[in-house]
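If you want the building blocks of each chain, they are given just below.
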Amino acid sequence: MKYVITILVALLAGLCLSAAPRYRVLKVRGNVEIEDHAGRRAAHVREAAGPATVFHIPDGASVALLDNETKAVYYSTFGGRTTARVIVREARKKADATTAAIGSAVLSSMSGSAAGTGAPKGVSHRGEDSPSGADLAVANAVRLGQGAGDMAVACEVVAGEDSVWHAVVVNRAGAPAYVNIAVCGAEPRLLLNVGYDAGMPCLLAGEGRTELTQYTFHGAVPDSAAVVVCGEPFDVPAVNMLLKRGDVPDVPADAPLVTLRQLD
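Residues numbered from 1 in each chain as written. Predicted model: local features only at pLDDT ≥ 70, side-chain atom pairs only at ≥ 80, totals over all residues. Heavy atoms only, no water.

Asks: Can you lay out the overall build of the protein chain for me, pointing to particular residues and giving the numbers?
Replies: Scanning the protein chain from N- to C-terminus turns up four helices and 17 strands. Classification of the 264 residues of the protein chain by burial places 42% in the buried group. Here the contacts in the protein chain between residues at least 6 apart in sequence split such that 73% fall between residues at least 24 apart. Of the roughly 13900 Å² of accessible surface on the protein chain, 55% is carried by carbon and sulfur atoms. (Helix = DSSP H or I, 4+ residues; strand = E, 2+ residues; numbered from the N terminus. Buried < 20%, exposed > 50% of the residue type's maximum accessible area, 1.4 Å probe, protein only. Contact = heavy atoms within 4.5 Å. Areas by Shrake-Rupley, 256 points an atom, 1.4 Å probe, with all protein chains shown as cover.)

Asks: So what's going on with unusual backbone geometry? Which residues, and what values?
Replies: For residues besides glycine, phi is generally negative; the peptide bonds are generally trans as well. We note that arginine 46 has phi near 80°; this positive angle belongs to a residue other than glycine. Within the secondary structure, arginine 46 sits in the loop between β3 (39-42) and β4 (48-49). Residue class for arginine 46 comes out exposed when judged on its relative accessible area of 65%. Positioned with a positive phi, lysine 71 is a non-glycine residue whose angle comes to about 65°. By the element assignment, lysine 71 lies in the loop between β6 (62-67) and β7 (72-75). Residue lysine 71 is classed as partly exposed on the basis of its relative accessible area of 37%.

Asks: Could you give an account of the nonpolar core, with specific residues and numbers?
Replies: Grouped together as the largest cluster of nonpolar side chains are 66 residues, with contacts concentrated most on Phe55, Val179, Val228 and Phe234. With residues near it in sequence (within four places) discarded, valine 228 still touches Val138, Val142, Tyr178, Val179, Asn180, Ala182, Leu190, Phe234, Val258, Thr259 and Leu260. By size, the runner-up hydrophobic cluster in this structure holds five residues, among which are Leu26, Leu66, Val73 and Val164. (Core = buried A, V, L, I, M, F, W, Y, C linked by side-chain atoms within 4.5 Å.)

Asks: I'd like a rundown of the pairing of strand β11 (residues 177-183), residues and numbers included.
Replies: Among the seven residues in β11, seven count as buried, and that is most of the element. Inspection of the sheet shows β11 paired to strand β16 (residues 225-230) by six bridges, in the antiparallel sense. The residue bridging alanine 182 from the neighbouring strand is alanine 226, located in β16. Across two bridges, β11 lies against strand β12 (residues 189-190) in antiparallel orientation. In the strand pairing of β12, alanine 182 is matched with leucine 190. Hairpin connection of β11 to β12: five residues between the antiparallel strands, including glycine 185 at a positive phi of 125°. (Pairing = 2+ DSSP bridges.)

Asks: Now, about the environment of glycine 60: what can you tell me, with residues and values included?
Replies: With respect to the helices, strands and loops of the structure, glycine 60 is situated in the loop between β5 (54-57) and β6. When its relative accessible area of 62% is taken as the criterion, glycine 60 is described as exposed. Separated by 30 residues in sequence, glycine 60 and glycine 30 place their C-alpha atoms 7.2 Å apart.

Asks: Tell me what's going on with the pattern of salt bridges, and back it up with residues and numbers.
Replies: Scanning the model with the defined rule gives nine salt bridges in all. With a shortest N-O distance of 2.7 Å, arginine 40 and glutamate 33 are connected by a salt bridge. Across the pair arginine 41 and glutamate 47 runs a salt bridge whose closest N-O atoms are separated by 3.0 Å. Judged by its relative accessible area of 33%, arginine 41 falls in the partly exposed class. Taking the relative accessible area as the measure of exposure, glutamate 47 reaches 16% and is therefore buried. The structure contains a network of salt bridges with shared partners spanning Asp36, Arg41 and Glu47. (Salt bridge = Lys/Arg side-chain N within 4 Å of Asp/Glu carboxyl O.)

Asks: Can you tell me about the side chain of threonine 99, naming the residues and giving the values?
Replies: Among the secondary structure elements, threonine 99 is positioned in helix α2 (residues 84-111). Residue classification places threonine 99 among the buried residues on the basis of a relative accessible area of 2%. Discounting chain neighbours no more than four positions away, the residues touching threonine 99 are Val194, Cys202, Leu203, Gln214 and Tyr215.

Asks: Explain the environment of aspartate 235 to me, using residue names and the numbers behind them.
Replies: Along the chain, aspartate 235 turns up in the loop between β16 and α4 (236-245). Expressed as a C-alpha distance, the spacing of aspartate 235 and leucine 203, which sit 32 residues apart in the sequence, is 9.9 Å.

Note that all results are geometric; they support no functional claim without further evidence.
Structure (structure tokens):
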């Protein structure tokens, strides 16, 4: 009987761990409320929230949610009755729109044509049969923690309130660059969750400083974080897929050069 109880306790502990809430409340402004089986109550900083947690956000109020896994911070963009899942989805849409607008402006200045008239050569799109040379090169650079090339592109960290930070890309290369931030190590991944809005699957940084305030994170900057710099576009989800598979083939000889630099 003792062994049966021990096994049951272990199983229950495992279930509790596997059901750990995805988010927690990082910041509340105004009279934001959470609705649960007992009714509506005030939302409090540090309390857990699942994707289906219901929030009531009055006009002028807002809530920030922290993804416990990725440490990404998502701010509510509208008021009314909503869920954590919708808050995150709409915050990602807003970030993607900002990223796409920046990229379109850079492309327009490069080509002298109106933004949105076409994707630059080499952009990978979801649905292709195989990764591009740029995807392979970036995945290999992230996996190995090093890269070839010497582009004068760095990434600075700007600290804000409540241990929230964002990155700034500083490009002195004399040409636009496609970038992301990699977390190298035992489980390598690309940090910036860049979407496909307006056909821009990766960040395109022009010359000078590009503030990435649309992507904010909480806590310490990972020691192994580095900016990935490539001269051609790469598909962020494709690179993440290659890294998870762990069987990235040899990089083609004509693949774009890739640089990894530690965050300053």
